[in-house]
Structure formats: structure tokens, C-alpha cells
Amino acid sequence: MADEELEGSGSTGPGGAGDSAEVEIEETGQAALVLPADDRPLTLRSAARSDVGLVRPGNEDSGYAGPRLLLVADGMGGHAAGELASAVAVATVADLDVHPPSSSELLNSLTDSIDSVGETISAIINEEPDLTGMGTTVTGLYWLGGRVALVHVGDSRAYLFRDNQLQQLTHDHTFVQTLVDAGRITEEQAATHPKRSLLMRALDGMNPVEADLSVREARAGDRYLLCTDGLSGVVDEASIAGSLTMSDPTGCVTRLVDLALERGAPDNVTVVVADVIVDESVREELFAPVVVGAAGEPRVRAQLPGVRFPDDSQPDPDAPDAPVKLDGGPATAPQPLVDADLIVPAAEQAMRDAQSAAVRKEKRRRRAKFASIYIALIAVIAAVTYGGLIAAQTWLNNQWYVAVNGSAGTGTVGIYQGVQANLGGIRLSSLDLDTQLPVGELPLFDQELVSKGIPAESLTDAQRIVAELESRASECRTVFPPAGCPGSLSNAPVDEVPTPESPTAIPSPAPAIVEETRVEETP
């Protein structure tokens, strides 16, 4: 589970929230945050806006501003994929606004909702593999009536504007941020780095994701900003802080989006601004949420029939069952919501359970199919390899050659089966017969041939070659070996063998040999 961070400013503001939070153990054994007493109850007043920008063909961002929850999600994966991912994130996490968890379960519920987003995206990819690569960032703020809980994955951001000071509450999960953290580049260099959009963490339905979680003090007068990198990537913090000095959230979101458009808006821009205000009336009624971007488009919702979207105060005006538009106030002003205590009907819950079961069944079927294909592929590879080895062995068994058995000077003539080569240190031949014929008794030319290896068409052919070698070796064993044999005088260089016609000719060596023989025969 992600780190659960509890932070405070060290002083007590109008909202009555101190620097530390008390924890009590409930009857269930779980630790619960004890919110500080508040004589003047606090609440949120929010506004949201999303724009496609000046470059992108469609809006893959989604935003949500509800009674308790603020959320932005930046989809990725291309048109018709990123918009689905961000819409799923808003629809899934926004369920916490309708069914609020207890304070002891809040952080666990936020974690579970992030996991559910990943599971839903995974199910969509399994149904349509072409959408592989889709994903989304998620940055959300949940109101605790004196404190706020933050959940964050990706490079969208949450800011706190307090006492005219802007503070970034989230940490970007990007490659360039890791370089900044390591001190390898500066914040200024990160803003123009070619890989500044490379995410290290996002909800893609393929990899498990650990969200950053924290709980922070809230004060009356605080202003929170949630935005995608379509704003933070092109508008500097000084300009953002200047825009947040405007009087109301609606004016702020309008000004911030306009600033991004003035800077070229190369990406979709989604902004949510919320003020912490004192609610003297202490009323419990909730207000209809505002859904912007892809999650608010009917065509996107139509592609996600299994996803339950929040009731929107700005529904499709062309829908046949659209409610009558109420006058009074800007489009992002809060409007009464139908009974907030309504729960998902049992029939709808059963349908969702059946859909989840069908998804799990399909996953098991796909795994079994892939396992069968994998096993079959391994069997085919093994069969081909085995067949190749058998064929190679058969071929080698039909190859023969005659070569030296031992060293070239003292070895004998041998008949070998295979080929005269090595493969990976393995000799591809074996000695079939040692003829005991010394290589040194062969004519010099034959010695050279045998040392290099004489190929034969078969064992019979190899035996024929050996017989010829033995015949020539016999000729070399005579008293006067013919030319080419070891010890033959005809092997001497021409300039060392005098001719009888030469005035300085040396007597022929043959009589000398005869005379020497006669001496040996004298008793």
C-alpha cells in the first residue's frame, strides 16, 4: 500500500484544524482519523473546465468536481483509447462521492478505487486488444470536512494556494523528475527535456500501480487546484498563482485554461479549482457534480456500457430524457442533486457482478488458450530439433575420409567416419579403423594428402584408398626407392645432383651404395 502521509502547517486556522491528527481505535479494531472540532463547519465550492487545446484532434482528459471529490485524469494511448481510460478513472473513483467511506476506511477505499480503474482498463483491453497501450493518470482530492486526502498517480498535479503562496502537493511520476530528484538536471532543464512526458507510473491495466496517498490540514480560505500537464507544462507557477488570486473558482478555471490556450495549448487542458469556505448554515444537502472532458461526452459513455458514470449537472442537452435546464448561476454553479442516499439498485449490481464474472471467465479462457498454443509451439520446436539432429547424424554416418591417426610425423593411416571438422568444440568424426600403416613410409606427396585428409565416398572407397597407399608404401621400402619416396636420391634438389657430363661431376651414388653393401657382407 502507498505511504499514508499526514501533514499540517503547525498552526490552527479558522477551520479549527491543528497540526496533528488524533487516532482512535473503533470497535472493529481499525484506526480512524479523529477530525478536529469545528465551530464553523467548512465545505468546498468548486468549478471545473476542460479544453481540447489547439493541437490535439480530441480530448483525452477527464475532470470531476463533486461535493466531496475533485479529480483530474489525463488519458494516453491515442484517440479512442486515452479518452476511454480517463473516463473510466473518473467514473470509478467518483463512486466514492455517492457512497462515502468511513474515515477509517478512506485511504483503503481510495487505494481500492485506483486498483478498480486498472482492472476495468485491463478488461477493456482483453475485449479489444487493439487498445493495448491505453492508460491514464489520476490525481484526486477527497474532502474530510477539515482535512483533505490526496491520491495521485502520474504527472497531473495538485496545488494548494494559501496566503498568496502556491505549493505543489504532488510529486510527478516521470523520468525527468527522477533526474531532478537525483540532482542530474535542474527544474528549468526538466521543463524542456525531450523525455519530459515519459511516465514512470500510470494506470494501464497491465502493470500493478502503487498510488501516493496523503492526508492534509484544510483551512478556510484555502484554494486547491488540480490540473493535467496541459496546464502545468506550458504555464509557469507564477502565472498560475496570479490567476488563483481571482475571486471565484469559475473565473479561475476560465482564466487558467485561457492562459494555456494563449501559450499554444499543445495538449488537452483540464482544470479543477475548489475553495474551502465556511458554511454557516450547517446544511447536509449535496450538489450535483460537474463532469468535464471525455468522461462527460455521451459518445464516450456509449463505448463503456458496463461503467456507471456519475449524475452530471451538465448532461447531454440533446438526450431525450435530459432534465429541464435550470436558470440562475454559471454552468459550473452547484445545483441540487437527487437523493444522495440512493444506492445502486440490486438489479444493476447483479448485472455488474455478472459482467465481472464474465470478464474473469474470459481471462481464464484466454490463459488456457495461450498455454495450449505455447505448449504446442514448444512441442513443434522440439520435434523439428530432434528431427534435425537425427538427419544430421544419419548424414554424418555416411561420410568417410582417410587421414592421419596421431601426429603427422609418427602417426599411422586411419579410416574415419564423419567429416573432418569441429562444431562448438565437438568433433564431427570418429576413428573407424587404424590400418597400422606408418604415414612416414608413404611417398611425400601421399603424406601431404593424408595429413590434409582424403575424402571417400563410402567405407569401401576408403578401404580402396588405403590399399593404394599400402601399395605405394611397399614400393618405397625397396633398396632403391623410386622418386617421391622418403630417402630417394631423386628427391634432392636439382642443383645438388651433378650430371655425368659435368667436368666436376661426382661419381654416381649407386656404385658407392653397392660397394658399401659389399663391405658389410665381408666376414
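Sequence order as written defines residue numbering, which begins from 1 separately in each chain. Selection of residues for local features in this predicted model requires a pLDDT of at least 70, selection of side-chain atom pairs for listing and counting requires 80 or more, and totals for whole chains, interfaces and linings are taken over all residues. Side-chain measures were taken over the full set of non-hydrogen atoms in the model, leaving aside hydrogen atoms and water.

Regarding its fold elements, the protein presents 13 helices and 19 strands. Within the span of the protein, comprising 523 residues, buried residues form 40% of the whole. Note on contacts: a residue pair is in contact if any heavy atoms of the two residues lie within 4.5 Å. Considering only contacts within the protein whose residues lie at least 6 apart along the sequence, 65% involve residues at least 24 apart. Note on areas: Shrake-Rupley with a 1.4 Å probe; residue coverage comes only from the protein chains shown. In the form shown here, the protein has an accessible surface area of approximately 28,100 Å², with 55% of it arising from carbon and sulfur atoms. Helix and strand labels come from DSSP, where a helix needs a run of H or I of at least four residues and a strand needs a run of E of at least two; each type is numbered from the N terminus. Type-normalised accessible area, obtained with a 1.4 Å probe on protein chains alone, sets the label of each residue: buried when under 20%, exposed when over 50%, and partly exposed for intermediate values.

Moving on to the pattern of salt bridges. We define a salt bridge as a contact between a side-chain nitrogen of Lys or Arg and a carboxyl oxygen of Asp or Glu at a distance within 4 Å. On inspection of all chains with the given rule, the structure shows 20 salt bridges. The salt bridge involving Asp258 is made with Arg49; its shortest N-O contact spans 3.4 Å. Residue Asp258 is located in helix H8 (residues 249-262), and its partner Arg49 is located in strand E4 (residues 42-51); the two are separated by 209 residues in the primary sequence. Residue classification places Asp258 among the partly exposed positions, given a relative accessible area of 26%. In this structure, the salt-bridge partner of Glu362 is Arg366, at a minimum N-O distance of 3.1 Å. Taken as a pair, Glu362 and Arg366 lie in helix H10 (residues 346-397) at a separation of four residues, close to a single helical turn. Using a relative accessible area of 22% as the deciding quantity, one classes Arg366 as partly exposed. Members of the salt-bridge network, linked through shared partners, are Arg45, Arg223 and Asp275.

Below, the discussion takes up the sheet that holds E4. Pairing is antiparallel in the open sheet, where five strands are placed in the order E4-E14-E13-E10-E11. Looking at the sheet topology across the chains shown, the edges are occupied by E4 and strand E11 (165-168). Strand-to-strand twist in this sheet, taken as the mean axis angle between neighbours without regard to direction, amounts to 20°. Any two strands with at least two DSSP-identified bridges between them are counted as paired. When strand E10 (residues 157-162) meets E11, the two strands line up antiparallel, connected through four bridges. Residue pairing for E11: Phe161 is matched across the bridge by Leu166. The convention used is that axes are lines fitted to C-alpha atoms, helices contributing only their stretch in contact, and that angles between N-to-C directions extend from 0 to 180 degrees.

With that out of the way, let us pick up the state of the cysteines. Throughout, a disulfide means two cysteine sulfur atoms within 2.5 Å of one another. Inspection of the entire model under this criterion finds one disulfide. Covalently, Cys476 is tied to Cys485 through a disulfide, its sulfur atoms 1.8 Å apart. Residues Cys476 and Cys485 are joined through a disulfide that is left-handed, its torsion about the S-S bond being -70°. The burial state of Cys476 is the same as that of Cys485; both residues are buried.

With that settled, the discussion passes to the environment of Thr410. With respect to the element layout, Thr410 can be found in the loop between strand E16 (400-405) and strand E17 (412-423). Taking the relative accessible area as the measure of exposure, Thr410 reaches 69% and is therefore exposed. Each C-alpha atom, one on Thr410 and one on Gly440, is 6.7 Å from the other, the two residues being 30 residues apart in sequence.

There is a patch of like positive charges on the surface, built from Arg360, Lys361, Arg364 and Arg367. Looking at the element boundaries, Arg367 is found in helix H10. Patches here: salt-bridge-free residues with over 30% relative accessible area, like charges joined within 9 Å, nonpolar side chains (Val, Leu, Ile, Met, Phe, Trp, Tyr) joined within 5 Å. In this charge count, Lys and Arg are treated as positive and Asp and Glu as negative; neither His nor the chain ends contribute. Lys charges are placed at NZ, Arg charges at CZ, Asp charges at CG and Glu charges at CD.

This part is about the sheet that holds E16. The four strands lie next to each other as E18-E17-E16-E19, forming an open sheet whose pairing is antiparallel. Among the strands making up the open sheet, the edge pair consists of strand E18 (426-438) and strand E19 (454-456). Each adjacent strand pair in this sheet contributes to an overall mean axis angle of 35°, direction not counted. Of the pairings in the sheet, the one linking E16 to E19 comprises three bridges and is antiparallel in character. Counterpart to Trp400 in the pairing with E19 is Ala456. Lying on the sheet, helix H11 (residues 444-452) is in contact with E16, E17 and E19; it crosses E16 at an angle near 110°. The strands that helix H12 (residues 459-476) touches are E16, E17, E18 and E19; relative to E17, the one it contacts most, it runs at about 135°.

This next bit is on a negative patch on the surface. Together, Asp181, Glu187, Glu188 and Glu237 give the surface a local cluster of negative charge. For Glu187, the location among the structural elements is in helix H5 (residues 187-191).

Within the secondary structure layout, Ser104 lies in the loop between helix H2 (95-98) and helix H3 (106-127). Judged by its relative accessible area of 13%, Ser104 is buried. Polar contact is defined as a pair of N or O atoms within 3.5 Å, subject to the rule that within protein one atom must be able to donate a hydrogen and the other to accept it, and that residues adjacent in sequence are counted only when both atoms are side-chain atoms. Only 3.1 Å separates the side chain of Ser104 from the side chain of Ser102, close enough to count as a polar contact.

Scored between 0 and 100, pLDDT is the confidence that the predictor attaches to each residue. The predicted model of the protein has a mean per-residue pLDDT of 80, with 76% of residues at 70 or higher. Mean pLDDT values over the elements of the protein span from 38, in helix H13 (residues 509-521), up to 98, in strand E13 (residues 223-227).

Moving on, we get to helix H1 (residues 82-93). The end-to-end C-alpha distance of H1, which contains 12 residues, comes to 17 Å, matching closely the 16 Å that a straight helix rising 1.5 Å per residue would cover. Of all the 12 residues making up H1, 12 are buried; the element is thus mostly covered by neighbouring parts of the structure. Among the residues of H1, those classed as buried are Gly82, Glu83, Leu84, Ala85, Ser86, Ala87, Val88, Ala89, Val90, Ala91, Thr92 and Val93. Any helix carries an expected span of 1.5 Å times its number of residues minus one.

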